[in-house]
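# Inside the fold
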Amino acid sequence: MWVYVKHLEHPISVSRPDPAFAKVLITQYGGPDGEFSASWRYLSQRYTMPTRQTKAICTDIGTEELAHLEMVATMVHMLTRDAGPKQMEAAGWGGHYVQHGPALYLQDAAGVPWTAAFFQSTGDPVADLTEDMAAEQKARATYERLICLATDPGIRDALRFLREREVVHFQRFGEGLMSVQEYLNNKHHAWPGYDLPKTRPGS
Amino acid sequence: MNQTRNQLLREIQRWQFRIVELTLFLDTHPNDQRALADYNQSSQRLRTLVDEYEKRYGPLSNWGLAPSGSPWAWACGPWPWETGI
């Protein structure tokens, strides 16, 4: 089960409402390379990970991504909570205001709702871990674009923190992949999760 | 009061992040003695700080990891998305 801790992973300060930035930032909430996709990608894939290292890394990075989801949500909330309807409309977010008011909604920067098609869960640890490594790089690239657009120093600090975490996660997934390759090189394992004697009749 | 409370919470946040980072590192480096020692020391420090916070302000985590005064302290604010901490 999960335990909730009543503080953010890293502090956030927002100096003024900025719904226009919230509108692009929300892609890291519900977009393809956002934190919701990240957390549930790893937390869905962990059940078919074959090694001690990869079961732990998918659980722990998946859990850390939930804390990142909370940081992104907090930023969007703080950027919009004091913005009035007209300010939302002027920022190009009138549609969001009409449909969701000041609420959080899983969507990308263009308003496309989150979908499970944003990630895979193949049951093959090599396929899943290489997807995870790519996902971390895509999220890093997105954070870099967001940092280029951000002007609020508090927001920039939080985005830099999140960008750095993507780099660390990429490294840890790479090490996890090495543990899987070592596992597969063992003669007892024909392919992930299946032992030779069980899958080759007569052997 | 809020200054002290927030300062303590920020201190907890810093140690908690240290633990997050060490946890991921140890997942793939289970025999790294320096990281293990750092983890154990940091874990002890975090526990001391959280105990101090919870004694003053009530549970920092849900599901019974700390006792509550009256009234029920868990449901009282502030929440992270309200303060940014």
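Each residue is numbered by its place in its chain's sequence as written, counting from 1. Labels are handed out in written order, letters beginning with A for the chains and numbers beginning with 1 for the ligands. Per-residue local features of the predicted model are confined to residues with pLDDT of at least 70, and side-chain atom pairs are confined, for both listing and counting, to 80 or more; whole-chain, interface and lining totals are unaffected and use all residues.

### Quick word on the overall build of chain A
Rule in force here: Each helix is a run of DSSP H or I of at least 4 residues and each strand a run of E of at least 2, with the numbering of both proceeding from the N terminus. Counting other C-beta atoms within 10 Å of its own, a residue is labelled buried from 20 upward, exposed at 12 or fewer, and partly exposed in the gap between, with every C-beta atom placed from the backbone. Two residues qualify as a contact pair if the distance between their C-beta atoms, derived from the backbone, is within 7 Å.
Along its length, chain A carries nine helices and two strands. Secondary structure elements of chain A occur, N-terminal to C-terminal, as α-α-α-α-α-α-α-α-β-β-α. Overall, the C-alpha framework of chain A stretches about 75 × 30 × 30 Å when taken along its three principal axes. Here chain A, with 203 residues, has 40% of them falling under the buried criterion. For chain A, long-range pairs separated by at least 24 residues make up 74% of all intrachain contacts whose partners lie at least 6 apart in sequence.

### Observations regarding the nonpolar core
Threshold: Nonpolar core, as used here: buried Ala, Val, Leu, Ile, Met, Phe, Trp, Tyr and Cys residues forming one set through C-beta atoms within 7 Å.
The biggest cluster of nonpolar side chains holds 45 residues, and the ones touching the most others in it are Leu-25, Met-71, Val-72, Met-75 and Val-76 of chain A. Elements represented by at least two residues in this core include exactly α1 (19–25), α3 (35–45), α4 (52–80), α7 (125–149) and α8 (153–185) of chain A together with α1 (2–28) and α2 (33–57) of chain B. In terms of residues, this core owes the most to one element, α4 of chain A, which gives 13 residues. Apart from the residues lying within four places of it in its own chain, the contact partners of Val-72 of chain A are Leu-25, Gln-28, Tyr-29 and Glu-35 of chain A. Ala-83, Met-88, Trp-93 and Tyr-97 of chain A belong to the second largest nonpolar core, which has five residues in total.

### Description of the packing of α3 of chain A against α7 of chain A
All names here are of chain A. Here is the rule: Between the N-to-C directions of two axes lies an angle of 0 to 180 degrees, each axis being a line fitted to C-alpha atoms and, for a helix, fitted only over the stretch in contact. Working definition: roughly parallel below 35 degrees, roughly antiparallel above 145 degrees, roughly perpendicular at 65 to 115 degrees, and oblique for all remaining angles. Each helix crossing is assigned a hand: it is left-handed if the near helix lies turned anticlockwise from the far helix by less than a right angle, otherwise right-handed if that turn is clockwise. Each residue gets one of three labels, nonpolar for Ala, Val, Leu, Ile, Met, Phe, Trp, Tyr, Cys and Pro, charged for Asp, Glu, Lys and Arg, and polar for the others, Gly among them.
Where α3 contacts α7, the two axes come as close as 11 Å, and the packing angle between them is 165°. With respect to α7, the axis of α3 lies roughly antiparallel. When you trace α3 past α7, the crossing you get is left-handed. Contacts between α3 and α7 involve Ala-38, Arg-41, Tyr-42 and Gln-45 on the former and, on the latter, Asp-128, Asp-132, Ala-135 and Ala-139. Classifying every residue of the contact of α3 with α7 gives four nonpolar, one polar and three charged.

As far as function goes, none of this settles anything; it's purely spatial.
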